[in-house]
Amino acid sequence: MSLADHTDILDWPFARTEDGAPPPLLAELRNAPPCVVRIPAGAAESRLAWLVTRYADVRQALADPRLSADETLPGAPVRIQVPPGGNPSSFLRLDDPEHARLRGMIQTEFTARRVKRLREPVQRLVDELLDELAAQPQPADLHAVFSRALPTLVIARLLGVPEEDSPFFIEKTRVTISQEDPAVSHAAFVEMSEYLAKLALRKLADPGDDLISRLAVNHHATGALSLDELVGIARLVLVAGHETTTNQIALNVLALLRDDELRERVAADDGALIPAFIEESMRYWSISQDAMVRLAVEDVEVGGVTFEKGDAVVISVPAGNHDESVFACPHRIDPDRDTSGHLQWGFGPHYCQGAPLARLEMELALRSLLNRFPNLRLAADPRTLFRRGTVFHGVTGLPVTW
């Protein structure tokens, strides 16, 4: 049965629970083959799409080249409210070989060896920010002072963005990924792009020891990388490196502050469980929500359903990460479980390059916070803290006392 023949259509995206957990409806949908949802109108017209919810189907859909990530193709579905067509927003929304060509230009920036060298500088930033938190009147917003500030400073230094410009790109990132008004989101996207283009040209004339300088000198100056492509890479690193890590750090802390028993276990034995807890927390929260959309460029069978060429597809990472057949009692955060296969980092050719750096930031942040503030407590009802209607799940603030 084709998309157009379906009459049982669900409006997408679905709302999370009051406690911030993935939508309960996803559990029901995993009991059946991929269903049909309606992507709301925004930067593009409303359209029907297949929704993929089972873990095995999500992995297949993320890795299958017949499901294209290329947002420049006619009919490509839109999630972030930036109109399709023209230049791609980043190589994340391209297919190989172009995706591999551009991705390869920053591959060495996130190797284990290079990230290891960042451990001491990141730890210094963590300590400085915790000093600032300690000096705040209580209750203090840990998100504003710490979990938002740390990734912002790290990614600004990595890219070569002046720290005094951090408030600008934080705000433009927030507006770009919001789903409130396509025109406003697009305007913020354009402003961010123009800023990064000007910065890249300045770096070309006066390079430093940073990612944008290396892209400008080693690739743009040689003709291997256009200015638009350079901006797309920088914008992806900026948004992905700042927005996702910021919210994941906050949610890691929130998970511990609302569960004393879990916190005691994670803090025990000098934080031996912290790395495992972080991966499990990522699985549980699945902050990318339903940001993964694809276009079928050939007929392809997924979960017993044939997606026809030209069909739009929504890939639900939260649904896959809460598949009971893979993760028993998925609604519970269990740092003892094997989460090596969780999907929050992605799967296949678009697996997150920045995972080593994000892991470093999250581990140092949580370990230092637990050691420095052993009596940290929430100062608000956690149900009031979650952001709603955004591409990436997160919090609006995190009031705490100690």
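Shown above is the structure to which this text applies.
Residues numbered from 1 in each chain as written. Predicted model: local features only at pLDDT ≥ 70, side-chain atom pairs only at ≥ 80, totals over all residues. Heavy atoms only, no water.

S.K.: Report on the pattern of salt bridges, specifying residues and quantitative values.
M.R.: All told, the structure shown has 22 salt bridges when counted by the stated rule. A salt bridge links D64 to R66, with the shortest nitrogen-to-oxygen separation between them at 2.8 Å. Assessed through its relative accessible area of 29%, R66 is described here as partly exposed. For D209, the salt bridge is made with R214, and the minimal N-O distance between the two is 2.8 Å. Among the residues examined, D209 registers a relative accessible area of 71% and is labelled exposed. (Salt bridge = Lys/Arg side-chain N within 4 Å of Asp/Glu carboxyl O. Buried < 20%, exposed > 50% of the residue type's maximum accessible area, 1.4 Å probe, protein only.)

S.K.: Can you break down the sheet that holds strand β3 (residues 47-52) residue by residue, with the values?
M.R.: Hydrogen bonding along the main chain pairs the strands of a sheet, whether they run parallel or antiparallel. In spatial order, the strands read β1-β2-β3-β9-β6-β4; together these six strands make up an open sheet with mixed pairing. Two strands lie at the open edges of the sheet, namely β1 (9-11) and β4 (67-68), each paired on one side alone. Here β3 runs beside strand β9 (residues 312-315); their pairing, made up of four bridges, is parallel. By the bridge assignment for β9, A49 is matched with A312. Across the face of the sheet, helix α2 (residues 55-63) comes into contact with β3, β4, β6 (292-296) and β9 while running at roughly 125° to β9. (Pairing = 2+ DSSP bridges. Helix = DSSP H or I, 4+ residues; strand = E, 2+ residues; numbered from the N terminus. Contact = heavy atoms within 4.5 Å. Axes fitted to C-alpha atoms, helices over the stretch in contact; angles between N-to-C directions.)

S.K.: Please set out the sheet that holds strand β10 (residues 377-378) residue by residue, giving values where relevant.
M.R.: Across the sheet, which stays open at both edges, the three strands sit in the order β5-β11-β10 with antiparallel pairing between neighbours. The open sheet has two edge strands, β5 (140-141) and β10, and neither has a second partner. Pairing of β5 with strand β11 (residues 399-401), which is carried by two bridges, proceeds in the antiparallel orientation. Its bridge partner lying in β11, A140 is registered against V400.

S.K.: Could you give me a rundown of the environment of L230, with the residues and numbers involved?
M.R.: For L230, the position within the fold is in helix α11 (residues 227-257). Here L230 falls in the buried class, since its relative accessible area comes to 1%. Distance in space between the C-alpha atoms of L230 and V122 is 25 Å, their sequence separation being 108 residues. If sequence neighbours within four positions are ignored, L230 has contacts with A200, I212, L215, A216, H220 and L225.

S.K.: Give me the lowdown on the nonpolar core, citing residues and values where you can.
M.R.: For soluble globular proteins, the rule of thumb is that nonpolar side chains tend to be buried together. Counting residues in hydrophobic clusters, the biggest one holds 85 residues, and the most contacted among them are L150, L159, V237 and F277. In terms of residue count, α11 provides more of this core than any other element does, 16 residues in total. Residue contacts for F277: discarding those within four places in its chain leaves N252, A255, L256, L262, V266, I333, P335 and L366. Counting 19 residues, the second-largest nonpolar core is a separate cluster that includes V36, V52, L62 and L343. (Core = buried A, V, L, I, M, F, W, Y, C linked by side-chain atoms within 4.5 Å.)

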